Amino acid sequence: MTQDSYLQAIKTLNLWAKHYYVLDDPIASDEEYDLLYHKVLAYEAQNPQFIAQDSPTQRVGDKVLEGFNKHTHLKRMWSLEDVFNETETQEWILRAKRGLGLLSDAPLIFSVSPKFDGASLNLLYEDGILKCAATRGDAFIGENVTQNARTIPSIPLSIAYKGRIEIRGECVIGKDDFEALNLERQNKGETLFANPRNCAAGSLRQLDSKITASRKLQFIPWGVGECDTKDFMDFASKEKTRNPNSFFALMEGIYALGFQKPPFTELCTNYDSIHTAYQTLLKAREDYAIMLDGMVLCVDAFDLQEKLGFTIKAPRFACAYKFPALEKRAKILSITLQVGRTGVITPVAELEPVLLEGAKISRATLHNFDEIHKKDIQINDFVVLIRSGDVIPKIIKSLPKLRDGTQYPCATPTQCPICNSTLLIEEKLIKCQNLNCPARVKNSITHFASKKALNIDGLGEKIVELLFECKKIQSIEDIFTLKANDLEGLEGFKEKKINNLIEAILKVKGVELWRFINALGIEHIGEGASKKLANAYGLEFYKKSYADFIALDGFGGEMAESLVEFCTVNQTRLLRLLEYIAPTCNTQVLESKISGKTFVITGTLPKKREEYQELLESLGAKVSGSVSKKTDFLLCGEDAGSKLTKAKELGVKIINVEELQALLES
């Protein structure tokens, strides 16, 4: 085989794969494919320096990763606003028209397509080659799962378009493949996946790409991120005349690159046609090979999308019209109590197993005892169970008319079911305040090390789970006594990873006090309250009284009571942790032009809001979440919404990032 015939063979194999995996229209037999594939494999074995990046042999990764690197998306991955019925959908359409200055009866073209229930994935192509595949993450930064994405047959390793483009879509698994996989896991005694979405997300984040390759994942595009729209539409129109101002046309161009096209896409000009499309999808829901949970509705014209802009969380030009939740009747066999990270007691209904939306459901959260009483839920009751794209199913009501005398209420606990400590009981909240409670230790450690707390890089949930099960750490304090030889021989731990973790733990020494307080996971005490405590009372915060706490701006009775209870129960442990970590705190109020001023932040800014909040608070300012007469400044970015409107009404001074910088420099 020559280099030219090798490259031609790759084109042929990729074409055959597209017809098999994407178009569901095989044009070659398995024998033909295998024969040509092994010829390519043999050539590459003899000429490894000439292996093409889009060769199908590169879809199976042989390297097992130690972890995932981070990838910053070129453009933010937005979430969609959900609408759940005809009224909400009509209201959303009217809002869009008002935002465009259109009358309520004016025509407006929408693109509609199915909303698949899977894991979002962002593919970056440069010069026609797949450079990176990343999970959604926090919308700005995701995990680099390129090695795994390359194993998914419906993701082209190369495309004809040579410009830089982010193609976004849903990574999914077919219902039949999901059931077959769960049956296989059941036969092996392995934990079953809760639902297809959970399966797709878990498969995408395997450190061993061969596992991902075995899961039969599919990728279905639904949009783009970074993209020179004009350049791409010029490219796409060479093959077929396309509307350069149409999202629908852009997606047609994406599908033409070799991506899997959804089974239903359409343009609608009014609510009646939207309703018809929705009903069509809803009726076909059960028959679709892939799990659907709604329909995506999107203003089609790019110039109108730009005019509508974004809210803080979602585009104003698109929404998800969700399907009604599926319902099943189930019987509550018992109610068990779970103790979470912060010690909150959550009642969980243990159910007689039922099949709901392709998943076997045997448990459902009851949230809290106030919810149990309001819904009149008893043990042995029949209840209505729903699940609409949620990982955890919900019980919406009991069915008292079906009671036969065997039912009895679940008593509200007064002591922790694990450590027997007296529980803190508020109106809705029941909480174990004992930081040593075994049931909450693992989650407490995970939170303690998390980004908004002590930010110990490399000590995430899975690592904490491993170290806890191996009895390397049994309490938060044990983090600070870990040594390199404690980690040697543990799964996934090699010299570099061990050294990185030990170094990250050592860096915690001298961390800011507010981070330490936030890391403790005290009920009702978040980042903002932690900063106020640190600034007001410094290292003596745990000695203060209810009266001291209630005197702080923004602190209510529940916050003060929770603090007193926590500090009383855990004072010995707090002293040990303070000795280990030696947090630093500057209680001096900085004198600056904005000291004591109240800011509200809105709109899309060049940096994350947290960075601006940290800067403002470090200079003595307060940052609030809502605009009021007490607001001094509104820091406003692009696409600001209702906060900007209210600030104008109240005469609040509105500044942008440049004006803030000038204010600080002055």
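Residues numbered from 1 in each chain as written. Predicted model: local features only at pLDDT ≥ 70, side-chain atom pairs only at ≥ 80, totals over all residues. Heavy atoms only, no water.

### A few points about the overall build of the protein chain
Now for step 1: The helix and strand inventory of the protein chain stands at 24 helices and 22 strands.
Now for step 2: In terms of overall dimensions, the protein chain is globule-like: its C-alpha atoms have a radius of gyration of 28 Å, near the 26 Å expected for 666 residues.
Now for step 3: Expressed as lengths along the three principal axes of its C-alpha atoms, the size of the protein chain is roughly 80 × 65 × 60 Å.
Now for step 4: Looking at the protein chain as a whole, 48% of its 666 residues are labelled buried.
Now for step 5: Pairs at least 24 apart in sequence give 67% of the contacts found in the protein chain among residues at least 6 apart.
Now for step 6: With an accessible surface of roughly 33,000 Å², the protein chain has 50% of that area assigned to carbon and sulfur atoms.
Now for step 7: Here the protein chain holds 84 positive side-chain charges and 89 negative ones, and the gap between their average locations is 3 Å. (Helix = DSSP H or I, 4+ residues; strand = E, 2+ residues; numbered from the N terminus. Rg over C-alpha atoms; globule rule 2.2 N^0.38 Å. Buried < 20%, exposed > 50% of the residue type's maximum accessible area, 1.4 Å probe, protein only. Contact = heavy atoms within 4.5 Å. Areas by Shrake-Rupley, 256 points an atom, 1.4 Å probe, with all protein chains shown as cover. Lys, Arg positive; Asp, Glu negative; His and termini not counted. Charge placed at Lys NZ, Arg CZ, Asp CG, Glu CD.)

### Some points on the sheet that holds strand 3 (residues 110-116)
Now for step 1: Strand order in the open sheet formed by 5 strands is 2-11-10-3-9, with mixed pairing between adjacent strands. A single partner strand is all that each edge strand has here, and the edge strands are strand 2 (81-83) and strand 9 (266-268). Geometrically, the sheet is characterised by an average inter-axis angle of 35° between neighbouring strands, direction not taken into account.
Now for step 2: Pairing of strand 3 with strand 10 (residues 292-299), which is carried by 7 bridges, proceeds in the antiparallel orientation. Its bridge partner being in strand 10, lysine 115 is matched across the sheet by glycine 294.
Now for step 3: Docked against the sheet, helix 10 (residues 271-284) engages strand 3, strand 9, strand 10 and strand 11 (318-322), running at close to 155° with respect to strand 10. (Pairing = 2+ DSSP bridges. Axes fitted to C-alpha atoms, helices over the stretch in contact; angles between N-to-C directions.)

### What to know about the packing of helix 3 (residues 86-99) against helix 10
Now for step 1: Where helix 3 contacts helix 10, the axes come no closer than 11 Å and their chain directions differ by 135°. Looking at the two axes, helix 3 sits oblique to helix 10. Between helix 3 and helix 10 the crossing geometry is right-handed. Residues Glu86, Thr89, Gln90 and Ile93 of helix 3 form the contact with helix 10, whose own contacting residues are Tyr271, Ile274 and His275.
Now for step 2: In the contact of helix 3 with helix 10, the residues fall into 3 nonpolar, 3 polar and 1 charged. (Parallel < 35°, antiparallel > 145°, perpendicular 65-115°, else oblique. Left-handed = near helix turned anticlockwise from the far one by under 90°. Nonpolar A, V, L, I, M, F, W, Y, C, P; charged D, E, K, R; others polar.)

### Description of the UniProt feature "binding site: NAD(+)" (unreviewed entry) in the protein chain
Now for step 1: The UniProt feature table records "binding site: NAD(+)" (unreviewed entry) at Asp30, Glu31, Glu32, Tyr33, Asp34, Ser79, Leu80, Arg136, Glu170 and Lys322.
Now for step 2: Summarising the element assignment, glutamate 32 is placed in helix 2 (residues 30-46). (UniProt positions renumbered as here; feature names shortened; annotations may be inferred.)

### So, the sheet that holds strand 7 (residues 165-173)
By definition, the strands of a sheet pair up through backbone hydrogen bonds, in either a parallel or an antiparallel sense.
Now for step 1: Judged by pairing direction, the sheet is antiparallel, and its 4 strands sit side by side in the order 5-4-7-8 without closing on themselves. A single partner strand is all that each edge strand has here, and the edge strands are strand 5 (129-135) and strand 8 (217-227). Between one strand axis and the next, the sheet turns by 30° as a mean value, whatever way the strands run.
Now for step 2: As paired strands, strand 4 (residues 119-126) and strand 5 are joined by 6 bridges and run antiparallel to one another. Note on strand 5: the bridge partner recorded for tyrosine 125 is leucine 130.
Now for step 3: Against the sheet, helix 9 (residues 247-256) makes contact with strand 7 and strand 8, and its axis sits at roughly 125° relative to strand 8, the strand it touches most.

### Brief notes about the UniProt feature "active site" (unreviewed entry) in the protein chain
Now for step 1: In the numbering used here, UniProt assigns the feature "active site" (unreviewed entry) to Lys115.
Now for step 2: Residue position: lysine 115 is located in strand 3.
Now for step 3: Setting aside residues no more than four positions away along its own chain, lysine 115 makes contact with Leu292, Asp293, Gly294, Met295, Val296, Ala320 and Lys322.

### Section: the pattern of salt bridges
Now for step 1: Taken as a whole and judged by the stated rule, the model has 22 salt bridges.
Now for step 2: Measuring nitrogen to oxygen at the nearest pair gives 3.3 Å for the salt bridge that ties lysine 374 to aspartate 370. Taken together, the residues span about one helical turn, with lysine 374 and aspartate 370 both in helix 12 (residues 369-374) at a distance of 4 residues.
Now for step 3: The salt bridge involving lysine 442 is made with glutamate 465; its shortest N-O contact spans 3.4 Å. Here lysine 442, found in helix 13 (residues 438-448), pairs with glutamate 465, found in helix 14 (residues 461-469); they are 23 residues apart in sequence, far enough to count as distant.
Now for step 4: A residue is classified by how much of its surface remains accessible, and lysine 442, at 23% relative accessible area, is partly exposed.
Now for step 5: A network of salt bridges, in which partner residues are shared, links Asp376, Asp381 and Arg403. (Salt bridge = Lys/Arg side-chain N within 4 Å of Asp/Glu carboxyl O.)

### Some details on the packing of aromatic side chains
Now for step 1: Taken as a whole and assessed by the stated rule, the structure comprises 17 aromatic pairs.
Now for step 2: With centroids separated by 3.8 Å and ring planes inclined at 10°, the aromatic side chains of tyrosine 278 and tyrosine 321 adopt a geometry described as stacked. In this pair, tyrosine 278 sits in helix 10 while tyrosine 321 sits in strand 11, placing the two residues 43 residues apart along the sequence.
Now for step 3: Judged by relative accessible area, which is 4%, tyrosine 278 ranks as buried.
Now for step 4: Cluster of aromatic residues (ring-pair linked, three or more members): Phe448, Phe480, Phe516 and Tyr580.
Now for step 5: Looking at lysine 531, its charged tip hangs above the ring of tryptophan 514, at a distance of 4.6 Å from the centre. (Phe/Tyr/Trp six-rings, centres within 6.5 Å; stacked < 30°, edge-to-face > 60°. Lys NZ or Arg CZ within 6 Å of the ring centre and 35° of its normal.)

### With respect to the domain arrangement of the protein chain
Now for step 1: Along its sequence, the protein chain is organised into domain 1 (3-58), domain 2 (81-322), domain 3 (327-409), domain 4 (428-587) and domain 5 (598-665).
Now for step 2: A separation of 33 Å is found between the C-alpha centroids of domain 3 and domain 4.
Now for step 3: Buried surface at the junction of domain 3 and domain 4, summed over both partners, amounts to about 1,000 Å²; 61% is from carbon and sulfur atoms.
Now for step 4: Three residues, Val339, Arg341 and Thr342, lead the burial of domain 3 against domain 4; their summed loss comes to 51% of the area buried on that side. (Domains from an automatic or database assignment. Buried area = accessible area lost by both parts, 1.4 Å probe.)

### Here we look at the environment of tyrosine 33
Now for step 1: Following the sequence through the fold, tyrosine 33 ends up in helix 2.
Now for step 2: Tyrosine 33 gets classed as partly exposed once you look at its relative accessible area, which sits at 22%.
Now for step 3: Taking the C-alpha atoms as reference points, tyrosine 33 and valine 511, separated by 478 residues in sequence, lie 59 Å from one another.
Now for step 4: Among all residues touching tyrosine 33, those that are not within four sequence positions of it are Leu13, Trp16 and Pro56.

### Brief notes about the side chain of glutamate 170
Now for step 1: Topologically, glutamate 170 is positioned in strand 7.
Now for step 2: A distance of 2.9 Å separates the side chain of glutamate 170 from the side chain of tryptophan 222, its partner in a polar contact. (Polar contact = N/O pair within 3.5 Å; in protein donor to acceptor, adjacent residues only side chain to side chain.)

### Remarks on the pairing of strand 4
Now for step 1: Along strand 4, 6 of the 8 residues are buried, which leaves the element largely enclosed by surrounding structure.
Now for step 2: Across 7 bridges, strand 4 lies against strand 7 in antiparallel orientation. Pairing of alanine 119 across the sheet is with cysteine 171, part of strand 7.
Now for step 3: Between strand 4 and strand 5, which pair antiparallel and follow one another directly, the connecting turn spans 2 residues, one of which, aspartate 127, has a positive phi of 55°.

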